[in-house]
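# Inside the fold
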Amino acid sequence: MAQEVVTTENAVGQSGQVAQAAEIIQGYDELEHAPELGFWKLAGIRFLHHRVATVSLGVLAFIVLAAIVGPILEGNQYKVLDYQSPYHPPVHLQLAPPFLAGDWHHPLGTDEVGRDQLARLVRGARVSLTVGLMAMIGYLLIGGTFGALAGFFGGWVDQLLMRVTDVIIASPFLLVVIAVTAAFGGVSLFKLIIILSILGWFEIARLMRSQFLSLRESEYVMAARALGASNFRIITRHILPNALTPIIVSATLGVSGIILLEAALGFLGYSIPPPEPSWGNMLSNFEQYMLGGYLWLVLFPAFALVTTALCINLIGDGIRDALDPRQR
Amino acid sequence: MTFYIIRRVGVGLAVILLMSVIFFALARLTPGVPFSAGENPRANQQLILNRIHRLGLDQPWYTQYPSYLRALLRGDLGDSYFYHQPVTTLLEQRVPNSVLLYGVATILAIIIGVPLGVVAATRQYSVFDAITSVISYIGFSMPSFILGIFLLTVFAVWTKISFGFGLPLAGMHTGGEDDLPDLLLHMIMPVTALAILSIAQYSRFMRASLLDVLHQDYIRTARAKGLSAFKVNFKHALRNAVIPLITIIALSAPVIVQGAIITEGIFSWPGIGQLAFQASVIRDYPVILGVVMMVAVVTIVFNLVADIAYAAVDPRIRY
Amino acid sequence: MSRSALAPARPLAAAEDVILRIENLHTHFRVLGGIVKAVDGVTLTIPRGKTVGLVGESGCGKSITSLSIMRLLEKNGRIVGGHIEFRGKDLLALSDAEMQEIRGNDIAMIFQEPMTALNPVFTVGNQVAEAIQLHQRLDRKEAWEKAVEQLKLVGISEPARRAKDYPHQLSGGMRQRVMIAMALSCSPELLIADEPTTALDVTIQAQILELMHEMQERTGTAILLITHDLGVIAEMADEVAVMYAGRIVEQASTYDVYAAPKHPYTQGLLASIPKLGQKQDRLHVIKGNVPNPLSVPPGCSFHPRCPHRFEPCDKAVPSLSEVAPHHLAACYLYPHVHPEAEMEVEELPEELAKPHDVAVARAEKHISAVAPAEDAEVDTDA
């Protein structure tokens with residue numbers, strides 16, 4: 001059984017190695033092979049087939065839409081005081097005709113000074129989402145930079161950052177934020193974002209640092225260095241894209257944390273001052289509402305908060321599963 | 001091993017020192033005059049200035065710091081501006097209450113959360129797993145104060161209206177101080193509000209850790225030896241999976257001393273959280289600093305405990 | 001489950017001398033994108049006390065075959081057809097409890113990565129003693145003593161002291177010795193060794209192989225040696241089965257396979273090995289690549305790469321038949337070989353798939369349908 005000798009020149013006349021390569025590729029083409037999908041596209045597909053995460057994305061999109069469009073439609077409704085109709089319940093079913101009670105002017109009811117709850121709710125959505133997003137961007141910019149530098153350069157820079165981070169993380173965060181906010185008197189949305197950004201970037205820094213620390217030793221970084229790439233190029237082109245995965249997940253989950261934090265602050269009265277509503281400060285009178293039986297005034301902001309946080313958490317989980325296919 | 005401990009303790013002390021400087025500076029540097037809140041705004045300016053001078057508060061902060069440090073080393077945290085009592089006394093009063101609340105919540109969380117996570121991992125993708133996942137997610141998304149509000153509304157007010165019976169509304173005791181059942185009744189709602197988040201965290205984490213371990217090669221070896229599924233899961237897998245969990249638990253311990261500001265507020269529970277919060281508002285700096293320093297010390301101690309526990313449990317780490 | 005039209009050829013050993021008989025094994029996996037027929041009709045016999053080598057490239061299904069014997073497949077895998085006869089019983093029909101009795105006791109297995117195959121939180125002595133305690137019903141002390149004895153047998157010095165060490169304190173070679181000790185501690189009749197030396201240095205490799213040979217002589221254990229290394233096979237195996245894309249393409253004594261390979265794939269493999277003293281300008285390659293497990297070519301799965309392919313090769317799967325005395329091959333080039341009858345295999349049930357995997361698979365198929373299609377020979381049945 002004679003064995004075929006590998007020809008060094010094929011029919012087209014290409015010589016030597018090229019001919020061999022061409023033959024191999026040709027042989028390969030004859031076989032079925034799976035379509036090549038890019039990393040991000042594949043991740044996107046995986047995400048979309050996480051039914052839960054996709055539904056959450058839909059709900060969140062709805063909330064965002066409401067937050068943008070709602071205040072435009074409602075205008076100043078949120079602060080219109082209407083002493084004539086305090087404590088109106090929302091539109092609800094009842095046992096006696098006409099079976100649907102409530103005032104369609106105030107579909108979600110009014111509070112003790114007659115302000116429309118629906119308007120306040122959508123405006124509060126704007127506050128929560130803005131704070132969440134902006135503060136997280138702040139965390140990423142400050143924390144990401146410091147963490148990357150610390151992780152990459154190591155040495156005393158790293159040690160110093162780590163000690164300071166340990167200190168800050170060891171402190172009771174809420175307390176510190178309250179103390180600072182209280183010291184400033186009142187806070188505007190902008191000031192609040194700045195304060196949170198300055199106080200909260202340490203977790204992200206730590207995460208970024210550990211990523212850089214481990215990726216710094218990867219082989220492709222060594223290869224890049226051997227090719228003469230500058231530090232800057234290595235950081236931005238090589239390490240950063242690979243470090244992103246856990247950062248993205250952490251950032252997404254962090255946004256929900258910030259939103260809940262702002263709610264806590266609002267509840268205690270240390271967020272945006274009235275009449276500007278935030279879901280937190282809508283709850284600050286909860287005792288009054290609860291004992292008076294005006295449960296809708298407590299229910300809607302609480303429900304809004306939990307739903308938003310839940311959606312963001314589920315989306316974050318979906319992102320984690322999509323980007324890291326080690327199925328759990 | 002001992003050298004490691006000594007080194008860690010040393011670093012810990014350094015961190016505490018650093019913290020005291022930072023917070024002291026922060027306290028002195030934030031805008032606002034001490035006593036300006038919580039005091040009679042029409043009080044005599046001169047009296048206030050006298051008091052400030054007497055307490056040495058008009059000196060620059062770096063001069064004030066050494067005396068503070070000296071006092072600190074003596075165990076004296078100063079006196080509260082507001083309560084006019086030594087800070088240490090206040091801490092002594094309040095800390096046990098917080099520990100009671102948070103401690104019970106944490107223990108409950110471990111007892112409930114860890115087995116939930118184990119079962120969810122061993123029955124991956126089952127209905128049980130799905131249900132625990134849902135509950136966990138809701139737990140993550142519901143901050144304790146919302147849950148607290150919810151619990152109060154439903155179980156204290158609505159049930160009282162509907163059924164004439166409800167859980168107590170506030171505080172630690174309604175009757176005498178020694179009434180244990182009364183205390184327990186008062187504890188139910190706040191403990192639940194605090195525990196839910198921890199249960200969600202621990203069960204989720206346990207599940208992830210156990211799943212991770214179950215995919216390892218040595219589990220396959222154990223099965224190839226003919227061990228029953230029970231032995232494989234509970235002897236080989238679990239032993240490895242709890243290692244990171246110990247660290248997590250040890251690191252979340254400091255919260256016990258920190259107290260839960262908002263939850264304590266909602267339930268009017270006289271704990272550290274309440275104290276610290278009020279102090280922050282009226283700028284009662286000795287109290288704020290005292291609380292922060294205490295939390296810092298506890299945190300660092302527990303970090304060390306976590307490391308030691310980890311080294312004890314995982315034979316790969318020996319110093 | 002129907003059997004092959006051709007009686008399974010077993011020319012290599014008389015029935016009484018056979019410990020394990022695999023007949024027409026089919027193991028399928030449900031993955032993103034469809035069904036992988038990892039083992040697609042494997043028939044193999046292992047005679048008592050002998051070493052049978054199972055050789056093939058990565059992904060050809062040899063590991064899965066061994067895991068199928070031990071029934072240690074992952075959750076998305078299922079044995080959908082065939083028999084595995086051991087000591088007169090069909091292993092595939094046993095309950096979990098009965099199977100646990102056999103594992104570690106009558107059939108033992110060692111794996112490729114000694115680094116990760118031992119539990120890091122237990123001492124090695126503990127882990128060896130565990131199997132002994134379980135299967136031989138000894139108490140802890142006796143089991144421990146026996147374990148130390150086993151460690152001595154595999155050539156670990158100071159076994160009493162070493163037994164108290166943890167896996168991370170041992171080198172790779174020593175860990176593999178521990179694995180062997182653990183596997184042979186209950187005197188199994190069959191040892192399945194899945195790439196036992198692949199992860200080790202060459203010198204350690206030689207030692208481990210030597211050790212395995214020694215243990216075999218001492219205890220009379222049969223060995224199923226799975227590897228991609230033709231050199232190891234030449235060294236250790238009495239018989240060799242060559243696997244490609246889930247099927248056995250050639251099977252004979254080691255000498256016969258190496259001296260006169262019949263199947264073009266085996267010929268290609270052997271020709272690829274550079275030989276000392278032979279002048280070669282270029283290494284021989286087998287053109288093309290191993291097929292995508294989701295879409296194996298029809299007929300003989302090797303035909304797209306085969307330099308001798310001709311008319312019947314892409315029509316039906318050739319059966320493994322005797323083409324020379326005691327030498328089996330599955331290739332139409334030889335006169336007695338004819339197509340295998342259609343197999344009835346159990347369909348892999350839908351519930352085995354996770355819903356979103358199937359959905360993703362559909363999405364990916366949709367994308368590939370939009371992208372320029374390669375050819376119509378798609379064999380997925382998602």
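Residues numbered from 1 in each chain as written. Chains lettered and ligands numbered in written order. Predicted model: local features only at pLDDT ≥ 70, side-chain atom pairs only at ≥ 80, totals over all residues.

### Regarding the overall build of chain B
A count of helices and strands for chain B gives 13 helices and 0 strands. Evaluated residue by residue, chain B yields a buried proportion of 38% over its 319 residues. Summarising the internal contacts of chain B: among those between residues at least 6 apart in sequence, 72% fall at separations of at least 24. (Helix = DSSP H or I, 4+ residues; strand = E, 2+ residues; numbered from the N terminus. Buried ≥ 20, exposed ≤ 12 C-beta atoms within 10 Å, placed from the backbone. Contact = placed C-beta atoms within 7 Å.)

### Structural notes on the overall build of chain A
A count of helical and extended segments in chain A gives 12 helices and 2 strands. What you see in chain A, going N to C, is helices and strands ordered as α-α-α-β-β-α-α-α-α-α-α-α-α-α. A total of 328 residues make up chain A; the buried ones form 40% of that total. Counting only contacts in chain A whose residues sit at least 6 apart along the sequence, the fraction spanning at least 24 positions is 68%.

### Structural notes on the interface of chain B and chain A
The partner chain A presents 34 residues to the 35 residues of chain B that form the contact. Among the secondary structure elements, those contributing two or more residues to the side of chain B that touches chain A are α1 (2-29), α5 (127-141), α6 (144-163), α7 (180-214), α11 (261-266), α12 (272-282) and α13 (285-313) of chain B. Classifying every residue of the side of chain B that touches chain A by side-chain character gives 28 nonpolar, 7 polar and no charged. (Nonpolar A, V, L, I, M, F, W, Y, C, P; charged D, E, K, R; others polar.)

### Re the sheet that holds strand β5 (residues 89-90) of chain C
Residue and element names in this part refer to chain C. Strands sit in the order β2-β1-β4-β5 across an open sheet of 4 strands; the sheet is antiparallel. Edge positions in the open sheet fall to β2 (34-47) and β5, since each of these has one partner strand only. In the packing of helix α1 (residues 62-70) onto the sheet, contacts are made with β1 (18-31), β2 and β4 (77-86), and the angle to β2 comes to roughly 70°. (Pairing = 2+ DSSP bridges. Axes fitted to C-alpha atoms, helices over the stretch in contact; angles between N-to-C directions.)

### Let's talk about helix α10 (residues 231-268) of chain A
Residue and element names in this part refer to chain A. With 38 residues, α10 extends only 47 Å from end C-alpha to end C-alpha; this falls clearly short of the ideal 56 Å at 1.5 Å per step. Helix geometry: α10 is bent most strongly at L240, by close to 50°, with proline P241 lying one to four residues after it. G269 lies just past α10 and shows a positive phi near 95°. (Expected span 1.5 Å × (residues − 1). Bend = angle between axes of the 7 residues up to and from the residue.)

### Quick look at the confidence of the model for chain B
Residues and elements named next belong to chain B. For chain B, per-residue confidence averages 76 on the pLDDT scale, and 77% of positions sit at 70 or higher. Predicted confidence in chain B is weakest over helix α2 (residues 45-54), with a mean pLDDT of 66, and strongest over helix α8 (residues 217-224), with 90. Two numbers describe this predicted complex: its pTM, 0.74, and its ipTM, 0.75. (pLDDT = per-residue confidence, 0-100.)

### Topic: the interface of chain B and chain C
On the side of chain C, 24 residues touch chain B, which itself brings 19 residues to the contact. Looking at the side of chain B that touches chain C, the elements with two or more residues in it are α8 and α9 (229-252) of chain B. The element best represented in the side of chain B that touches chain C is α8(B), accounting for 7 residues. Here the residues of the side of chain B that touches chain C sort into 6 nonpolar, 6 polar and 7 charged.

### Looking at the pairing of strand β3 (residues 51-55) of chain C
For a regular strand, side chains alternate in direction, first toward one face of the sheet and then toward the other. All names here are of chain C. Burial of β3 is extensive: 5 of the 5 residues sit out of reach of the surface. Every second residue of β3 is oriented toward a common face, with T51, G53 and V55 on one face and V52 and L54 on the other, all of them buried. Looking at chain direction, β3 and strand β8 (residues 222-227) are connected through 5 bridges and run parallel. Note on β8: the bridge partner recorded for V52 is L224. In terms of strand pairing, β3 meets strand β9 (residues 239-244) through 4 bridges, oriented parallel. The partner of V55 across the bridge, within β9, is V242.

### Let's talk about the sheet that holds β8(C)
All names here are of chain C. Strand order in the open sheet made by the 8 strands is β6-β7-β8-β3-β9-β10-β12-β11, with mixed pairing throughout. Single-partner strands in this sheet number two, and they are β6 (107-110) and β11 (321-324). Each strand axis lies, on average, 25° off the axis of its neighbour in the sheet, ignoring direction.

### So, the packing of α9(B) against α13(B)
Residues and elements named next belong to chain B. Close contact between α9 and α13 brings their axes to 8 Å; oriented N to C, the two are set at 165°. With respect to α13, the axis of α9 lies roughly antiparallel. Viewed along their axes, α9 and α13 form a crossing whose handedness is right-handed. Packed against α9, whose contacting residues are I243, I246, T247, A250 and L251, the element α13 presents F302, N303, V305, A306, A309, Y310 and V313 at the interface. In the contact of α9 with α13, the residues fall into 10 nonpolar, 2 polar and no charged. (Parallel < 35°, antiparallel > 145°, perpendicular 65-115°, else oblique. Left-handed = near helix turned anticlockwise from the far one by under 90°.)

### Thoughts on the confidence of the model for chain A
Per-residue confidence for chain A gives a mean pLDDT of 75, with 79% of residues at or over 70. Predicted confidence for residues 1-35 of chain A stays below pLDDT 50, and this span has 43 contacts to residues more than four positions away or in other chains.

### What to know about unusual backbone geometry
Residues and elements named next belong to chain C. Despite not being glycine, E195 has its phi angle at roughly 50°, a positive value. In the Ramachandran plot, H326 falls in the positive-phi region, its phi being about 55° despite a non-glycine side chain. Here H326 lies in the loop between β11 and β12 (327-329). H326 sits in the partly exposed class, given 14 other C-beta atoms within 10 Å.

### A few points about the nonpolar core
Counting residues in each nonpolar core, the largest one holds 246 residues, and the members touching the most others are A:A264, C:V128 and C:L224. Apart from the residues within four sequence positions on either side, C:V128 is in contact with C:A147, C:Q150, C:L151, C:V178, C:A181, C:M182 and C:S185. (Core = buried A, V, L, I, M, F, W, Y, C linked by C-beta atoms within 7 Å.)

### Regarding the environment of B:F24
The topology assignment puts B:F24 in helix α1. As for B:F24 and B:L289, which are separated by 265 residues in sequence, their C-alpha atoms are 7.0 Å apart.

### Notes on the packing of helix α4 (residues 124-136) of chain C against helix α5 (residues 140-153) of chain C
Residue and element names in this part refer to chain C. The geometry of α4 relative to α5 is characterised by a closest axis approach of 8 Å and an angle of 115° between their N-to-C directions. In this structure, the crossing between α4 and α5 has a hand that is right-handed. For the pair α4 and α5, the contacting residues are G125, V128, A129, I132 and Q133 in the first and R140, A143, W144, K146, A147, V148, Q150 and L151 in the second. A per-class count over the contact of α4 with α5 returns 8 nonpolar, 3 polar and 2 charged.

### Thoughts on the environment of A:L189
Residue and element names in this part refer to chain A. Within the secondary structure, L189 is located in helix α7 (residues 189-200). Overall, L189 belongs to the partly exposed group, with 17 C-beta atoms counted inside 10 Å. When the C-alpha positions of L189 and S128 are compared, they lie 9.9 Å apart, and in sequence the two are 61 residues distant. Once residues within four sequence positions are removed from consideration, L189 is found in contact with V127, T130 and I272.

### Considering the environment of C:I22
Residues and elements named next belong to chain C. The residue I22 is located in strand β1 in this model. Note: C-alpha distance between I22 and L44 (22 residues apart in sequence) is 5.0 Å. If we ignore the near neighbours within four places in the chain, the residues touching I22 are V42, T43, L44, G82 and I84.

### Let's talk about α9(B)
All names here are of chain B. Here α9 is 24 residues long and its end C-alpha atoms lie 32 Å apart, about the 34 Å a rise of 1.5 Å per residue gives. Among all positions of α9, only V232, N233, H236, A237, L238, N240, A241, L245 and I249 are buried. At its buried positions, α9 is contacted by α4 (87-122), α7 and α8.

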